[in-house]
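Examining the three-dimensional arrangement
Now for the letters of each chain:
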Amino acid sequence: MEVPLGGCTFTWYHKSGNKMSKLDRFLISEGLMVSCPKITAITLDRYLSDHRPIFLREVCYDYGPIPFRMFHYWFEWEGFNRFIVDTWNTTSISDNNAIIKFMKKMRFLKGQIRMWVKDKKETVGLKKSNLKGMLNEIDVLIDVKKVDQELLNKRVNVLNSLQELEKLEAMEIAQKVKIKWSIEGDENSKFFHGMLNKKRNQQAIRGILKEGIWVDDPNLVKNEFLAHFKERFDHPCSSRILLETVFPNRINVEQNLILERKVSKEEIKKAVWDCGVDKVPGRMLYRFGFYIRYWDTIEKEVIEAMSYFLTKGTFPKGGNASFIALIPKMQDVKVVKDYRPICLIGSLYKIIAKILANRLVGVLGDLVNEVQSAFIANRQILYGPFILDELIHWCKSKKRQTMIFKVDFEKAYDSVRWDYLDDVLHKFGFGSKWRHWIQNCLQSSKGSILVNGSPTREFQFRKGLKQGDPLSPFLFLLIMESLHLSFQNVVNEGLFKGVSEHYGLSY
């Protein structure tokens, strides 16, 4: 396999400068990539030569501290469940704001878990060393034929204890790799370690090109990502467009009452379970598997926090902070703009967003035209391509001239103005309380970029919808409906004419 090449993309240039190619590269066995996850290659300056030398190296840069995360295999440790329940029940925090109270309690628990896990790992490591020593002593006795049934039974017990410890370690690596075995109980620690190293090697950000210069200093790389995405999410959008389109579909008073109703315990529990078990958390270390496992313990505080938001409609400082993970759009990424941001939303906000999203889904079908087929119940996103294919086939068979209007939304979610979204919601007839909830969910959001697992400074969001937010797809559908209505007005004025029922089709 090829080692990812940092620096310039091409290694050979024609003297005229109008021809270039990537002639030089390092090819290594896959095993070396697994055992040496920090291996990388970089191009050097060519000066008078027509070739750039390429340099193979294994180097590790420190990008800073990595956030603490929870792993499911901790649940298998003896005493962990009792520790969580006792710590939560004995922690007393008073605050008039139920969300702040819940956040403080979770933050305190996180610190206690950190210390407990650290001590447990040290104890497990010492226990593993002692078991290996005992096994070695037993094998020495067996080797000199000083063996009896009691010694053999002792060896079996020691092996079983070692296998249990190895199983817990394999569960940790398996969760990091996100690979599941088809046969339960089939663990292969070497395989998991290898896959984890390979995954880290492929996803590692080794540097970026800035004005044609390769930058691999961790602080400079993090600052470049921070500056790019801060401008993308923080700077004001273009001038506001006044929304004068008449919306034929509006929600009624009864639907507004359903949207703005008080939250129930069953609704909150459904939202938590809908979030899955192993979703990557944001600022809080807690995955939703933690919420589900200890629901009876934390249920009261979670319900109070959700009820507080839906009553007051505000998030406290830090209550809607998230990490932004970087996903490369292509292989061999070298510039900042070729990374796609995905928000790792905090568990507290995600529950609220899921509750609001579940409510919004119930009215979307009555608001959004049938031509929009994504994210709506009983509609398939493939309807659009199928209809388009049928139309093109029909026009070709009838030899009719056709113009197809295709819109490519570049960074579509990022370009949404919040005041325009509020106008759209108002035009659809959403109540003031619902619009206040949505605006507060947007305006309270902050984020920091994860570069090789280490976060940058935090910045405020001022526009756009977050990728990974349960609400984002449905809010964007409402934005798109305003565009559809604009096109419909153009058709109604006779400026464009679609395929009509006169020809036997009604698209």
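Above this note sits the structure.
Residues numbered from 1 in each chain as written. Predicted model: local features only at pLDDT ≥ 70, side-chain atom pairs only at ≥ 80, totals over all residues. Heavy atoms only, no water.

**Overview of the overall build of the protein**
- A tally of helices and strands in the protein yields 15 helices and twelve strands.
- The buried share of the protein, reckoned over its 507 residues, is 43%.
- Nonlocal contacts in the protein, meaning residues at least 24 apart in sequence, comprise 70% of its contacts between residues at least 6 apart.
- As displayed, the protein offers around 29100 Å² of accessible surface, 53% of which is attributable to carbon and sulfur atoms. (Helix = DSSP H or I, 4+ residues; strand = E, 2+ residues; numbered from the N terminus. Buried < 20%, exposed > 50% of the residue type's maximum accessible area, 1.4 Å probe, protein only. Contact = heavy atoms within 4.5 Å. Areas by Shrake-Rupley, 256 points an atom, 1.4 Å probe, with all protein chains shown as cover.)

**As for the side chain of serine 445**
- Within the fold, serine 445 resides in the loop between α14 (432–443) and β10 (446–451).
- Within polar-contact distance, the side chain of serine 445 engages the backbone oxygen of leucine 442 at 2.6 Å.
- For serine 445, the residues in contact, after removing those within four places along its chain, are Asn320, Trp418, Gln460, Phe461 and Lys466. (Polar contact = N/O pair within 3.5 Å; in protein donor to acceptor, adjacent residues only side chain to side chain.)

**Focus: the packing of aromatic side chains**
- The tally for this structure, following the rule as stated, stands at 23 aromatic pairs.
- Ring geometry for phenylalanine 75 versus tyrosine 294: centroids 5.8 Å apart, planes at 70°, classification edge-to-face. A residue pair is termed long-range when its members are at least 10 positions apart, and phenylalanine 75 in the loop between β5 (54–58) and α2 (80–90) and tyrosine 294 in the loop between α9 (288–293) and α10 (295–312) qualify at 219 residues.
- Ring pairs connect the aromatic residues Trp74, Phe75, Trp77, Phe80, Phe83, Trp116, Phe288, Phe290, Tyr291 and Tyr294, which therefore count as one cluster.
- The ring of tryptophan 273 has lysine 269 lying over it, and the distance from NZ or CZ to the ring centre is 5.2 Å.
- Cation over ring: lysine 466 sits above tyrosine 349, and NZ or CZ is 4.5 Å from the ring centre. (Phe/Tyr/Trp six-rings, centres within 6.5 Å; stacked < 30°, edge-to-face > 60°. Lys NZ or Arg CZ within 6 Å of the ring centre and 35° of its normal.)

**Notes on the sheet that holds strand β4 (residues 39–43)**
- Taken together, three strands build an open sheet; the order of strands is β1-β4-β5 and the sheet is mixed. Of all the strands in the sheet, just β1 (5–6) and β5 have a single pairing partner and so form its edges.
- Bridge analysis of β4 against β5 gives five bridges, and the strand direction is antiparallel. Its bridge partner lying in β5, threonine 40 is registered against arginine 57. (Pairing = 2+ DSSP bridges.)

**Section: the packing of helix α8 (residues 265–274) against helix α11 (residues 347–367)**
- Contact pair α8 / α11: the axes reach a minimum separation of 9 Å and the direction vectors enclose 105°. Classified by the angle between their axes, α8 and α11 sit roughly perpendicular to one another. Residue-level inspection shows Glu267, Ile268, Lys270, Ala271, Val272 and Asp274 of α8 in contact with α11, the latter providing Ile351, Lys354, Ile355, Asn358 and Arg359. (Axes fitted to C-alpha atoms, helices over the stretch in contact; angles between N-to-C directions. Parallel < 35°, antiparallel > 145°, perpendicular 65-115°, else oblique.)

**Brief notes about the side chain of aspartate 414**
- Within the secondary structure, aspartate 414 is located in the loop between α12 (383–397) and α13 (418–428).
- Assessed through its relative accessible area of 7%, aspartate 414 is described here as buried.
- Polar side-chain contacts of aspartate 414 include one of 2.3 Å to the side chain of arginine 232.
- What aspartate 414 contacts, discounting residues up to four positions off in sequence, is Arg232, Phe233, Lys463, Gly464 and Leu465.

**Thoughts on the nonpolar core**
- Residues Phe225, Tyr291 and Phe430 are the most contacted members of the largest nonpolar core, which totals 102 residues.
- Counting residues in each nonpolar core, the second largest holds eight residues, with Val124, Leu131, Leu135 and Leu165 among its members. (Core = buried A, V, L, I, M, F, W, Y, C linked by side-chain atoms within 4.5 Å.)

**Remarks on the pairing of β10**
- Among the six residues that make up β10, five are buried, leaving the element largely enclosed by the rest of the structure.
- Strand direction decides the pairing type here: strand β8 (residues 321–328) and β10, joined by four bridges, are parallel. Residue pairing for β10: isoleucine 324 is matched across the bridge by isoleucine 449.
- Two strands pair when backbone bridges link them, and β10 and strand β12 (residues 459–460) are joined in this way by two bridges, in the antiparallel orientation. From the neighbouring strand, glycine 447 faces β12, where its bridge partner is phenylalanine 459.

**Section: empty space enclosed by the protein**
- In the structure shown here, the tally under the stated rule is two cavities of 30 Å³ or more.
- Considering only enclosed or pocket space, the largest cavity measures out at about 70 Å³ in volume.
- Going through the elements one at a time, α14 and α15 (472–492) are the ones with two or more residues in the lining of the largest cavity.
- Top contributing element to the lining of the largest cavity by residue count: α14, with three residues. (1 Å grid on protein atoms, 1.4 Å probe; cavity = no way out; pocket = protein on both sides within 12 Å on 5 of 7 lines; lining within 4 Å. Points joined across faces, edges and corners; volume = space filled by probe spheres on them.)

**A short note on helix α6 (residues 218–234)**
- Counted at 1.5 Å a residue, the expected span for α6 with its 17 residues is 24 Å, and the 23 Å between its end C-alpha atoms agrees.
- Three or more residues of α6 are buried, namely Pro218, Val221, Lys222, Phe225, Leu226, Phe229, Arg232, Phe233 and Asp234. Along α6, the residues classed as buried sweep out an arc of 155° about the axis, all on the same side.
- Taking the backbone nitrogen of asparagine 219 as reference, a side-chain oxygen 3.2 Å away marks aspartate 217 as the first, capping residue of α6. (Expected span 1.5 Å × (residues − 1). Arc of directions from axis to C-beta.)

**With respect to the pattern of salt bridges**
- For the coordinates displayed, the defined rule picks out 16 salt bridges.
- A salt bridge links glutamate 301 to lysine 105, with the shortest nitrogen-to-oxygen separation between them at 3.1 Å. Taken together, the residues glutamate 301 in helix α10 and lysine 105 in helix α3 (residues 98–143) connect sequence positions 196 residues apart.
- Note that lysine 270 and aspartate 274 form a salt bridge whose closest N and O atoms lie 2.8 Å from each other. (Salt bridge = Lys/Arg side-chain N within 4 Å of Asp/Glu carboxyl O.)

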